[in-house]
Amino acid sequence: MKKFARTLFALALVATALPAQAYAPPVLKVGFTPWENPNDMAKTAAPMVDILTKATGMKVQPFLSTDYSGVISAMQVGKVDVAFFPPAAYVMAERRANAQVLLKSEFNGKAQYYGAIITRQDTGIKTLKDLKGHTFAFVDPTSASGAIYPKAMLMDAGVNPERDFSRMLYANGHDAVVLAVVKGKVDAGAVYCNDTQGKQSAWNTMLKDPKERAQIRMLAVSKPIPADNLAVRKDLDPAIVAKIKKAFLDMSATPEGRAKIRAMYHVDGFLPAKSSDYESMREALRKVNVKL
C-alpha cells in the first residue's frame, strides 16, 4: 500500500512538472471592445482580421461585443483567443480570463492617453464642481478614459458621480457620449483624449462638422492612462502568439504600416507590453471601488 501511495505521489509530481499543453484553435477568434458604434466597429475589425489572417495563416473570426464585459466573458469561456482591450478591461480580463498582454498602443511616441470631461459652450459649466445637479454620460463602467479616471477626477473635486448628478447614464461608446453632449441630451460627459490639449480627441475625431466641434469645451483632463493593448489567452500556442506579435511590430516599424494602423485604430503603432505597465490602472480601479 505504501509503495502504491509513493507511486501515485511520484506520478503527481511528474504531472505537475509538465508544462500545460498549448492551445492551437482551428479558427482564431479575435475580440473587439466597443469604443465606437457597431457599424464602425465592424469596419475597423475587417482590416484587423486580414492582418491576423496573413500573419498566422489561419482562418480568423471577429467577435464584436456591445460592451467591454462581453469580450472578457468570451475569453473566459474560450470564445475569444485574441482581443483588443482598453486598460481597465485588460486588467479585469487578466484576473478573470487569464489574459496575457502582448502589445500596447502608442501615440506621439508615448504609450499613454487621457480621460477628458467635456461640456458644451452654452451650458454655463465652468468647473467640475459646477457639474453637481446636471446630467452626465460615461462610456462604460469599465472604460478607463470614459469612466474610471474621470470618476476619480470628479471625486477629487468633491463631486460624487453616483449621487450628485440629476441623471447619469452609460452610453456604451465614446462617439455616443460625444453626440449626447453636442446634441444637448446631457450637459457633460467623459471620453478619451490622446493629448492634454484635446487636439487629438474623441470629439475632434468623431465630429465632422467644425461648428459642432467648436461647441465642445474640455473642462478637465486626467492623469496619464496606460495605453490600450492587444492581449491573448495565456494558453494560446506560443508559435501563434509570436506571429501575431511580429505582425504588429513590423507594421509599427514602417511609415506605411503606421499609417494603416492610424487609419484603423487612431493610434500610431504598437510597442511590447508587460503586465506591470498597468499597475496605475489597478490603483485607479481600487480608488473608484471597481472590483476586479
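Preceding block: the structure.
The rules behind the values
Residues numbered from 1 in each chain as written. Predicted model: local features only at pLDDT ≥ 70, side-chain atom pairs only at ≥ 80, totals over all residues. Heavy atoms only, no water. Core = buried A, V, L, I, M, F, W, Y, C linked by side-chain atoms within 4.5 Å. Buried < 20%, exposed > 50% of the residue type's maximum accessible area, 1.4 Å probe, protein only. Contact = heavy atoms within 4.5 Å. Helix = DSSP H or I, 4+ residues; strand = E, 2+ residues; numbered from the N terminus. Polar contact = N/O pair within 3.5 Å; in protein donor to acceptor, adjacent residues only side chain to side chain.

Draft legend 1. Looking closely at the nonpolar core. In this structure, Phe85, Tyr90, Ile148, Trp203 and Met281 are the most contacted members of the largest nonpolar core, which totals 47 residues. Ignoring any residue separated from it by four or fewer positions in sequence, one finds Met281 in contact with Pro87, Ala88, Val91, Ala144, Ile148, Tyr149, Ile225 and Pro226. If you look at the next biggest cluster of nonpolar residues, it comprises 29 residues, including Ala45, Leu236, Val241 and Val267.

Draft legend 2. Highlighting helix H4 (residues 87-97). With 8 of 11 residues buried, H4 lies mostly within the body of the structure. Here H4 has its buried residues at Pro87, Ala88, Ala89, Tyr90, Val91, Met92, Ala93 and Ala97. Of the residues trailing H4, Asn98 is marked for its positive phi of about 60°.

Draft legend 3. Focus on the environment of Arg217. With respect to the element layout, Arg217 can be found in strand E9 (residues 216-221). Looking at Arg217, the relative accessible area reads 18%, which means it is buried. Taking the C-alpha atoms as reference points, Arg217 and Lys126, 91 residues apart in sequence, are found 9.4 Å from one another. For Arg217, the residues in contact, after removing those within four places along its chain, are Ile117, Ile118, Thr119, Arg120, Gln121, Thr123, Ile125 and Lys126. For Arg217, the side chain forms a polar contact with the main-chain oxygen of Ile125, separated by 2.6 Å.

That is the geometry; function is a separate question.
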